[in-house]
Each structure stands twice: as structure tokens, then as C-alpha cells.
Amino acid sequence: MHRSEVTVDLGAVRRNVATLLRALGGAELWAVVKADAYGHGARDVGVTALDAGAHALCVVTIPEALELRDELPSARILCMGPVPTSRELAEAREARIELAISGDEIPEGVAVHLKLDTGMGRYGLSELPQPTREVVGLMSHLATADTDPAFAREQIDRFDEATREHAHLTRHIANSAAALRIPEARFDAARCGVALYGLSPFGEDAAADGLEPALTWRSYLAQVRQLQPGASTGYGRRFVAERPTWIGLVPVGYADGFRRDLTGTQVRVGGELCRVVGTVSMDSFAVELPAERPIGTPVTILGQGVAAEAHARVAGTINYELVSRISSDPRRTRRVVVDG
Ligand SMILES: *Cc1c(COP(=O)(O)O)cnc(C)c1O
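Thresholds, definitions, all that
- Residues numbered from 1 in each chain as written.
- Predicted model: local features only at pLDDT ≥ 70, side-chain atom pairs only at ≥ 80, totals over all residues.
- Heavy atoms only, no water.
- Helix = DSSP H or I, 4+ residues; strand = E, 2+ residues; numbered from the N terminus.
- Rg over C-alpha atoms; globule rule 2.2 N^0.38 Å.
- Buried < 20%, exposed > 50% of the residue type's maximum accessible area, 1.4 Å probe, protein only.
- Areas by Shrake-Rupley, 256 points an atom, 1.4 Å probe, with all protein chains shown as cover.
- Lys, Arg positive; Asp, Glu negative; His and termini not counted.
- Charge placed at Lys NZ, Arg CZ, Asp CG, Glu CD.
- Polar contact = N/O pair within 3.5 Å; in protein donor to acceptor, adjacent residues only side chain to side chain.
- Contact = heavy atoms within 4.5 Å.
- Near = heavy atom within 4 Å.
- Pairing = 2+ DSSP bridges.
- Right-handed = clockwise from strand over helix to strand, strands pointing away.

**Q** Give me the lowdown on the overall build of the chain, citing residues and values where you can.
**A** What the chain contains, in helices and strands, is nine helices and 19 strands. The C-alpha atoms of the chain give a radius of gyration of 22 Å, which matches the 20 Å a tight globule of 340 residues would have. With respect to the three principal axes, the spread of C-alpha positions in the chain is 75 × 40 × 35 Å. Out of the 340 residues belonging to the chain, those deemed buried represent 50%. Entry remark: accessible area of the chain is about 15100 Å², with carbon and sulfur atoms responsible for 48%. For the chain, the separation between the mean place of its 37 positive charges and that of its 44 negative charges on side chains is 6 Å.

Next comes the structure, spelled out in C-alpha cells:
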């Protein structure tokens, strides 16, 4: 048995694409597969999303874009991050990668999307320059589509006003949250990431938006032992048994992407939800068992009813961060792709 195994179900990705396309009512879906598709595998997810009806892929770095280009000679690929060197610019031109531009200089010989800052206060131009002939799209990014739709609508209005006279260009501002719940954000295309993977952009139950998590992360009980009252498990003695307590050790830790602040969250051992107790180590964590369980009992860390959103609440973070940080090191984590 492997220490842990990540399974990505491309069937779920396909169904999430269909759900998003329905929500978009005719606008294009651009699949955001940056950060190795939020830990799901950019190549597999990219191919699947396009096959299921997505129109383009979005990444953040030129190396990410080039890797996809090798696999997908004719796909539209947009690099949303800054292009740091002239060498990368030449590579992008050569590989027909489209670029998001936030600076005053518009490069030549490459299709670009001018990015406007309408309230995110991050990348983006404060005023739209006259589009050159390289410009194929106008874009912006929403700061609060998940938490404050009123502010998102202000951004959408600003974007609409600033870009209205260029309606022949592709206009895009929506992310997953806006695509699902703010119809005015659709314009010509939406750049969706997290929802593609069946995760809720709102940190809620993903099923509420018809989404299906694509990733399952499993391990097993590598050690089972009983702690006597007063005995502890793990660094810092953060869990001390008050009564005889069965503990299972799962060979997954923060170096695998199971964060140290996930103490207290629940994973599934066999069929039962069990609490993570004590300090999460680099290579393992402990669960409190209701009774003795055999070594080798399967443990579901994520998926099959164990929601990334629930872990995120415990760790004070978002589902995005949890999945994108699962280790892709094949010496630690085995990856399996299925199409269910
Ligand atoms: C990551 C990203 C997205 C996708 O956001 P989700 O919330 O995952 O849908 C869209 N646009 C830009 C510019 C991004 O950086």
C-alpha cells in the first residue's frame, strides 16, 4: 500500500464543466488550470475540460503554458501572470500563448488581453489605453465575488463602462463565484478554476451549486495503539489521553500537504468519521479511534464526504489552498486518474 494516494476523477471534472456551461448561459468557459490545476493535474484536467466544452485554458506562468502547448497544439492558452523576461516573451510568441497585460507596454506579435484594475487593487491598468491590433481581449478580476456581491457589481459596472465601446473584443471578468451566482458578470467568457474541481468558491457545501469534488485523498492506518490515561501522542504532548484511548497513525503529514493546523478536523477511518488529534508531524498525523481497528484500515483524508471546505474551516484557510498544496512528489504520494 502507498503512504497515500490521490485519485482525480475526470468524469467529475466533465460534469462540473457542464454545470458551469449551464450557469454561463452562452458565455464561454475558460478553464483555469494554474498551479497544476489546483493540485489536480493540469494536463489531464486541461484536456478533459476542453473536450467537455471549455473554450480555453488559463495558467499563470509561461512554463505552465508551454507544457500544455506540447500536449494541445491548437488550444487557446492564456497566461494570466506577468511575463518576467524577454526570453519568456519570445517563447510565448513562438508557442502562440495569449498574455494578460497590466503594464503600459503592449508587446507585439502576440495576442494580448488588457487587464483593467476595477477594484481588486492588484494587477491591472487603472485606465484602458487605446487597444493596439494585438489586443484580442479586455479583462478584469473580482475581489469579492464570493463574499460581497454588491462590491462585485460595482466592479462589473466599472468594467462595463470602460470597455463598452470595444464590444468586438472578448470581455471577461468572472471567476467561479461570479459565474455561478452573478449573471451580470458573464460578458463573453468566464475564467473558472475552483468550481471545475467541484469545490465551492463560497466555502460551503459544493453540492449547493451542483458541483462534485473530483479529488479523493486516501491513506491507511500504519500503526494502531492504545494510550493509557496520562500518555500522549506526538510533538508537544498536545493530546493527552484521559481514559484508555485507541489511536491510529496515518502516514501523511504537513510535507504531504496535510497542514499542521488541521488538528481537530475529521477524516474517515473505514466508514467512521474520526478526529485528528495531537500535533500534525511532517510525515504523519494521529486520529482518535472509537475502538481498536486493524492496521491497514483505509483512511479517507479528502473526498467521499470528507469536504475540503470542512478542513479549510478548521485550518482557517480556503479549500483552494488545501488542494493546491497536496504534495505531487511521486516518492511520497501516488497519483491515479480515473474517468468515472
Ligand atoms: C485564479 C484566477 C481565476 C480563477 O478563480 P476561481 O475562484 O478559482 O474560479 C480567475 N481569474 C484570475 C485572474 C485568477 O488568477
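**Q** I'd like a description of the side chain of Asn175, backed by residues and values.
**A** Relative to the assigned elements, Asn175 resides in the loop between strand E8 (170-174) and helix H7 (176-181). Judged by its relative accessible area of 16%, Asn175 is buried. Engagement of the side chain of Asn175 in a polar contact is seen with the backbone nitrogen of Ala178, the distance being 3.1 Å. Among all residues touching Asn175, those that are not within four sequence positions of it are His141, Leu142, Ala145, Arg191 and Cys192.

**Q** Could you give me a rundown of the site of the ligand, with the residues and numbers involved?
**A** Neighbouring the ligand are 13 residues, the closest being Lys34, Tyr38, Ser176, Val194 and Tyr320. Gly193 has a polar backbone atom sitting 2.9 Å from an oxygen atom of the ligand. In the complex, 93% of the free accessible area of the ligand, which totals 390 Å², lies under the protein chains. Secondary-structure elements contributing two or more residues to the shell around the ligand are helix H2 (34-39) and strand E9 (189-192).

**Q** Give a description of the pairing of strand E4 (residues 76-79) that names residues and reports values.
**A** Summarising the sheet, strand E3 (residues 56-59) and E4 pair through four bridges and their orientation is parallel. The partner of Ala56 across the bridge, within E4, is Arg76. Each parallel crossover has a hand, and for E3 linked through helix H4 (residues 62-71) to E4 it is right-handed. Read from E4 through helix H5 (residues 86-94) to strand E5 (residues 98-101), the crossover connection turns out right-handed.

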